[in-house]
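Chain residues, written in single-letter form:
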Amino acid sequence: MTQRQLDPDKIDVILATDCGSTTTKAILIQKVDGHYRQTHRGEAPTTVEEPVADVTVGVTNAATEVGELAGRKLVDENGEIIRPAQGNEGCDIYISTSSAGGGLQILVTGVVEEMSAASAKRAALGAGAIVLDVISSNDRRRPHEQIQRIRELRPDMVVMAGGTDGGTKKHVVKIAELVAPAKPRPRFGGKYRMPVIYAGNQEAAALVADTFDESVTLSVVENVRPTLERENLEPARDCIHDLFLEHVMAHAPGYNRLMDWTDAPIMPTPGAVGNILRQIAERNGINAVGVDIGGATTDVFSVFDGVFNRTVSANLGMSYSISNVCAEAGMPSVLRWVHLDMDERELRNRVKNKMIRPTTIPQTLEALVFEQAVSREALRLAYLQHKEFATTLKGVQQQRTVGDTFSQLSSGQSIVNNMTLNLLVASGGVLSHAPRMEQTAAMMVDAFEPEGFTELAKDSIFMMPHLGVLAQVHPTAALEVFERDCLIYLGTCVAAKGRGKAGKPCFRYEIEGPSLREQGEMAVGELKLFPLGPEDRARVKIEPRRGFDVGAGSGRPVEKEVRGGTVGLILDTRGRPLVLPEERTTCRQAVATWTQALGLYDD
Amino acid sequence: MGHAYTPGLQVSERTVYRARRTLPIAGDVLVTQGDRVSARDVVAQTDLPGDIMPLNLANQLSVMPGDIPQLMLKKEGDHISEGEVIARTNGIFGMFKTPYHSRATGTIESVSGVTGQVIVRGKPIPVQVRAYASGVVSEVLPGEGCIVEAQATYVQGIFGVGGEAYGKIRVIASRPDEELEADQITSELRGCIVVGGARIHGDAARKAIECGVSAVVSGGIDDQDLRDILGYDLGVAVTGTEQLGTTVIVTEGFGDIAMADRTFGLLTSREGADAAVNGATQIRAGVQRPEILIPLSGGDGDAHGSAGAVAGTLEIGAPVRIIRDPYFGILGTVADLPTQPQVLGSGSKARVLEVACASGERVTVPRANVELIAE
């Protein structure tokens, strides 16, 4: 990696790539009228596999394409990126993320599954890794089963935690005694020394080191859980990133060369996405949730009250994993979102055919409706997993006062609170490429069930990874592009929390904006869409009936300014949690009404 | 029933197949370069380190972990047997000593004074690798295995379950669109690789397993039948380790779908020949498809490495197969390649092509929904 000193004021042209498993995406960011804007985009197949087996070839191809579109020569005769920018040639900085070759795969261990192991898992996920498994003293597997599992896995590295500082040593060493003789085999063959990061009780570090032989490279960092009340994830995350570059990347074809090219360390793609979302939430003082639904996996990112969490649902996706979504959710759960008549046997075969030929796209409306139904379930399940994982620290002793008598909150509560969620960001093929933005909004609202007032947006061309790594070297440029070009605001959803009988009054609304003036009452079970353009804002007053909450408590009115978007303002009185009618015909009728209300498909 | 044709997978009458046969860890290679081997010959073997069993002596003997090293009657590296006394407490005044009888047989790998655990390594697990292809050892990979080269008829399927299997090819369908039903499977087919035509019925697959058929190859299968055979709903297409007793390979896909004419014709022409199959499928990065390998008697005629395998760009006149509804399985040729994206029935905009179907009909489909096929 080039250690060039970069003066942010002298950076006018930025080239960023994201090397994915199948495609390398390049974007060009340029200073236009004093503002950073994403101007062009190009892509080329990723080239980490034979016969090319050199990632830089795909990068060069993608950069050449973006250069041609921009009328700017970015790659020289030797196939290298031209720097610095001069006239119509070159760029000032070049940065990259990578998830090629299946991304970064980590095995996590800890003493107690819900405590140290959960903290280590959060560190690994936050660094952008896929967690293959979590081994802990209380994970219900017997020791020989745990050993068998370790032997089967092929991680890129192992992250070990356990014990607070000064706490248990015995249990920490016991886990090390399982890992060491099991000798987890790395993906990159026999000569690769498995990196092991120890981030547990510091007093046990020497004992853990004694347990391992020379077949591993042990790094000791600060404890991820120094006390029960505190998590300290940064040192472990930083170490994961360092080892990702030193070991994993160094073994991937062409990455040594790519590392020389980039002006900032290459980041794992999901790590970069988390980075930008954190910065946005921090800067605007909001709570945000982002989702990226892919063919094989679904990533969910959240920032609530400044706390960042990320989860990867490994087998929830829209092509390779589509069959698993149907298996996990059950076909009836998928079909409840479908307002058309469909034959279940045929659908099952279609799902499997999509799984074995993952690159096909829906041609008919019926196929699209079905895929979007599957996506609702994939997103719903992924968000459930996220909520279960993103909790307050477990094992913390609570001091209660008399005032807490009626709010017996235990430790380990989910910190994800849909009522305080301000911004929901969608990305990934099925959401980004939906023919109508209304469909994207509907999938998000149905799956995530936002409550109160929530802005909806989508990542226009999935450039959050590029911006996440850019934020490390040039935060101003990253945030400016994020606001201006990355996000497409779909609008705002206002939804009442609570349950009621369909047809009974839910809330009264008054909407006042430059181009919109509406008022009325909505009954339980309805959806309404009001046009409110991307540049428009409106004041919305909601007066809920008792038993319904839009942010101020049951039956209390709320008045807020809302942002418009390409879809507009959605008022949702279907209730939270969202429960669909069980009877198939009634359910189809309800879904058909909502479909019509949002104008999702042509009749 | 939809008619099915050769998909964009390798279907080759004669090819040079190179089987890379390697051990999971270093071991002994039993062949040398130039050796002629049969599919079932063992070409390399090794011993995997045995399973490890942790014994928590400190808990069992109710002593401090730090005391365990002194209480051990056996040391690291010693062989122990199940039931053997391997440690004993000091007792009180030399009396009431408590022995610890080992729960495992193996070699003591470590004794920990921190946790009070003894790690016992079990007997090594022998692993053998067969040649898989009947042919000639073209290269020895020292300590790892070898590469066996064979001239063979080679057919890739689209999806399979079950691992490597061997047997004689027995084609029991008379046409590629004939469904494979249970009454066609008899005990005489034990140990054979049975070739059907169109969809294999669930009952037929179950009977094949009962009769000890090595493998069944057919055009399609219903998802519901696959679920019944496996006992669970398959989530992701990573297979090969199923222990069904019979490997099942489908060449076209899920549902009522006939085997491609070319594939059926090729397999029929090799009736009675010895073959090896592998149902392992992995549809992720580094795609692996199931395969049927039927070695040819060596040396006659030139082999060509990739007949039937298709790679390249779509062009007018190229034969294609549509791989998604509403035209799934239909064969035709590229009639037009409009450059501008078009709006599909789903409302999405995508680049499309026009296919002149074998039936004479002309349909427009997204470019992502066709496979190039071999003529």
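It should be emphasised that the depicted structure is a prediction, and the values quoted were computed from it without experimental measurement.

**Q** Looking at this structure, how should I read the overall build of chain B?
**A** Secondary structure assignment for chain B yields five helices and 27 strands. Over its C-alpha atoms chain B spans a radius of gyration of 28 Å, topping by over 25% the 21 Å that the globule rule assigns to 375 residues. Principal-axis analysis of the C-alpha atoms places the extent of chain B at approximately 100 × 55 × 45 Å. Every one of the 375 residues in chain B was classed for burial, and the buried ones make up 51%. Taking contacts inside chain B between residues at least 6 apart in sequence as the whole, the part at least 24 apart equals 66%. When the accessible surface of chain B is summed, it comes to about 16,300 Å², and 47% of that surface belongs to carbon and sulfur atoms. Where the 32 positive side-chain charges of chain B centre and where its 45 negative ones centre are 4 Å apart.

**Q** Sorry, what's going on with the domain arrangement of chain B here?
**A** It is common to give the size of an interface as the accessible area that goes away when the parts come together. When its domains are assigned, chain B resolves into domain 1 (52–121), domain 2 (158–289) and domain 3 (318–372). Here the C-alpha centre of domain 2 of chain B lies 52 Å away from the C-alpha centre of domain 1 of chain B.

**Q** I would appreciate a short explanation of the side chain of Arg348 of chain A in the present structure.
**A** Mapped onto the fold, Arg348 of chain A is located in helix H11 (residues 344–356). Assessed through its relative accessible area of 12%, Arg348 of chain A is described here as buried.

**Q** Explain helix H5 (residues 261–269) of chain B here, please?
**A** Residues three or four positions apart in an α-helix share a direction because the helix packs 3.6 residues into each turn. Among the residues of H5 of chain B, those classed as buried are Thr263, Phe264, Leu266 and Leu267 of chain B. Buried residues of H5 of chain B fall within an arc of 165° about the axis and therefore sit on the same side.

**Q** Where do I start with the sheet that holds strand E4 (residues 42–48) of chain B in this structure?
**A** Residue and element names in this part refer to chain B. In space, the three strands of this open sheet follow the order E2-E4-E11, with antiparallel pairing throughout. Each edge of the open sheet is held by one strand with a lone partner, namely strand E2 (28–29) and strand E11 (125–130). Taken together, the two bridges between E2 and E4 define a ladder with antiparallel strand orientation. By the bridge assignment for E4, Val29 is matched with Ala44.

**Q** Where do I start with unusual backbone geometry in this structure?
**A** A negative phi angle characterises most non-glycine residues, just as the trans form characterises most peptide bonds. Residue and element names in this part refer to chain A. The residue after Arg83, namely Pro84, is reached through a cis peptide bond having omega -5°. Relative to the elements of secondary structure, Pro84 occurs in the loop between helix H1 (55–70) and strand E4 (93–98). Residue Pro577 is reached from Arg576 by a cis peptide bond, and omega for that bond is -5°. Topologically, Pro577 is positioned in the loop between strand E22 (568–572) and helix H17 (584–598). For Asp33, which is not glycine, the phi torsion reads 50° and is therefore positive.

**Q** Quick question: what am I supposed to make of the domain arrangement of chain A here?
**A** One can read the domain layout of chain A as domain 1 (8–98), domain 2 (105–251) and domain 3 (288–391 + 415–598). A separation of 36 Å is found between the C-alpha centroids of domain 1 of chain A and domain 2 of chain A.

**Q** What's the story with the nonpolar core in this structure? I'm lost.
**A** Where a protein is soluble and globular, its nonpolar side chains tend to be buried together. The biggest cluster of nonpolar side chains holds 90 residues, and the ones touching the most others in it are Phe370, Leu431 and Phe448 of chain A together with Phe159 of chain B. Broken down by element, the residue count for this core peaks at ten residues, all from helix H12 (residues 365–389) of chain A. Every residue in contact with Phe448 of chain A, bar those within four places of it in the chain, is listed here: Val289, Val291, Leu379, Tyr383, Asn418 and Leu424 of chain A. By size, the runner-up hydrophobic cluster in this structure holds 55 residues, among which are Ala100, Ala127, Tyr255 and Met259 of chain A.

**Q** Which parts of the structure should I look at to understand the sheet that holds strand E25 (residues 352–357) of chain B?
**A** Hydrogen bonding along the main chain pairs the strands of a sheet, whether they run parallel or antiparallel. Residue and element names in this part refer to chain B. The strand order across the open sheet built from five strands is E26-E25-E22-E21-E27, with neighbouring strands paired in antiparallel fashion. Edge positions in the sheet fall to strand E26 (362–366) and strand E27 (370–372), since each of these pairs with one other strand and no more. Each strand of the sheet is rotated relative to its neighbour by a mean of 45°, with strand direction disregarded. Pairing between strand E21 (residues 319–322) and strand E22 (residues 331–336): three bridges, direction antiparallel. Bridging from a neighbouring strand, Pro319 pairs with Thr333 of E22.

**Q** Even after reading the chapter, I still don't get the environment of Ala123 of chain A, so can you show me in this structure?
**A** All names here are of chain A. You can see Ala123 is positioned in helix H2 (residues 116–126). Ala123 gets classed as buried once you look at its relative accessible area, which sits at 0%. Sequence spacing of Ala123 and Ala592 is 469 residues, and the spatial spacing of their C-alpha atoms is 43 Å. Setting aside residues no more than four positions away along its own chain, Ala123 makes contact with Val224, Leu233, Ala236, Arg237 and Ile240.

**Q** Explain the interface of chain B and chain A here, please?
**A** At the interface, 61 residues of chain B touch 44 residues of chain A. Of the roughly 4,300 Å² buried where chain B meets chain A, counting both sides, 52% is carbon and sulfur surface. There are nine salt bridges connecting chain B and chain A. For Arg357 of chain A, the salt bridge goes to Glu371 of chain B, with nearest N and O atoms at 3.1 Å.

**Q** Got a minute to help me understand empty space enclosed by the protein in this structure?
**A** In this approach, a probe sized like a water molecule rolls over the atoms, and the result shows the empty space that is left. Applying the stated rule across the entire model yields two cavities of 30 Å³ or more. Taken as a whole, the largest cavity spans an internal volume of roughly 140 Å³. Lining the largest cavity are 15 residues, and of these Arg376, Asp446, Val591, Thr595 and Leu600 of chain A lie nearest its centre. The set of elements that each furnish at least two residues to the lining of the largest cavity consists of H12, helix H14 (437–448) and H17 of chain A. When its residues are assigned to classes, the lining of the largest cavity shows ten nonpolar, two polar and three charged. If you go around the second largest cavity, the residues you meet are Ser323, Cys326, Met331, Arg348, Val351 and Lys352 of chain A together with Asp223 and Asp233 of chain B. Broken down by secondary-structure element, the contributors of at least two residues to the lining of the second largest cavity are helix H9 (322–329) and H11 of chain A. Among the elements that line the lining of the second largest cavity, the one with the most residues is H11 of chain A, at three residues. Of the residues in the lining of the second largest cavity, the class split is three nonpolar, one polar and four charged.

**Q** I would appreciate a short explanation of the packing of aromatic side chains in the present structure.
**A** The description of an aromatic ring pair uses the distance of the two centres, along with the angle that the planes make with each other. All names here are of chain B. Counted according to the given criterion, the structure contains six aromatic pairs over all chains. With 6.4 Å between their ring centres and 55° between their planes, Tyr17 and Tyr132 make a pair best called tilted. Of the two residues, Tyr17 is situated in strand E1 (residues 11–22) and Tyr132 in the loop between E11 and strand E12 (135–141); the sequence distance between them amounts to 115 residues. Each member of the pair, Tyr17 together with Tyr132, is buried. Pairing Tyr17 with Tyr154 gives two aromatic rings, centres 5.1 Å apart and planes at 45°, and the pair type is tilted.

**Q** Got a minute to help me understand the packing of H9 of chain A against H11 of chain A in this structure?
**A** When two helices pack together, their arrangement is given by the angle between the helix axes and by the axis-to-axis distance. All names here are of chain A. Packing of H9 against H11 leaves a shortest axis separation of 8 Å and a crossing angle of 140°. In this view, H9 runs oblique relative to H11, as classed from their interaxial angle. Every residue of H11 that contacts H9 at Ile322, Ser323 and Cys326 is listed here: Val351, Lys352, Lys354 and Met355. Of the residues assigned to the contact of H9 with H11, the class counts are four nonpolar, one polar and two charged.

**Q** In this structure, what is going on with the pattern of salt bridges? I would like to understand it.
**A** Oppositely charged side chains can pair when the atoms bearing their charge come close. Within the structure shown, the criterion is met by 57 salt bridges over all chains. Here Asp572 of chain A and Arg574 of chain A are joined by a salt bridge, their closest N and O atoms 3.1 Å apart. With its nearest N and O atoms 3.8 Å apart, the salt bridge here joins Asp233 of chain B to Arg227 of chain B. The partly exposed category is assigned to Arg227 of chain B, whose relative accessible area is 26%. Connected through salt bridges with shared partners, the residues Glu346, Arg350, Lys354, Glu366 and Glu371 of chain A together with Arg324 and Asp325 of chain B form a single ionic network.

**Q** Explain the pairing of E26 of chain B to me, please; I cannot follow it from the model alone.
**A** Both faces of the sheet carry side chains from a regular strand, because those side chains alternate between them. Residue and element names in this part refer to chain B. By the bridge criterion, five bridges tie E25 to E26 in an arrangement that is antiparallel. Paired with Glu354 across the bridge in E26 is Thr364. Adjacent in sequence and paired antiparallel, E25 and E26 are bridged by four residues, among which Gly360 carries a positive phi angle near 100°.

Thresholds applied
Residues numbered from 1 in each chain as written. Chains lettered and ligands numbered in written order. Predicted model: local features only at pLDDT ≥ 70, side-chain atom pairs only at ≥ 80, totals over all residues. Heavy atoms only, no water. Helix = DSSP H or I, 4+ residues; strand = E, 2+ residues; numbered from the N terminus. Rg over C-alpha atoms; globule rule 2.2 N^0.38 Å. Buried < 20%, exposed > 50% of the residue type's maximum accessible area, 1.4 Å probe, protein only. Contact = heavy atoms within 4.5 Å. Areas by Shrake-Rupley, 256 points an atom, 1.4 Å probe, with all protein chains shown as cover. Lys, Arg positive; Asp, Glu negative; His and termini not counted. Charge placed at Lys NZ, Arg CZ, Asp CG, Glu CD. Domains from an automatic or database assignment. Arc of directions from axis to C-beta. Pairing = 2+ DSSP bridges. Core = buried A, V, L, I, M, F, W, Y, C linked by side-chain atoms within 4.5 Å. Axes fitted to C-alpha atoms, helices over the stretch in contact; angles between N-to-C directions. Buried area = accessible area lost by both parts, 1.4 Å probe. Salt bridge = Lys/Arg side-chain N within 4 Å of Asp/Glu carboxyl O. 1 Å grid on protein atoms, 1.4 Å probe; cavity = no way out; pocket = protein on both sides within 12 Å on 5 of 7 lines; lining within 4 Å. Points joined across faces, edges and corners; volume = space filled by probe spheres on them. Nonpolar A, V, L, I, M, F, W, Y, C, P; charged D, E, K, R; others polar. Phe/Tyr/Trp six-rings, centres within 6.5 Å; stacked < 30°, edge-to-face > 60°. Parallel < 35°, antiparallel > 145°, perpendicular 65-115°, else oblique.

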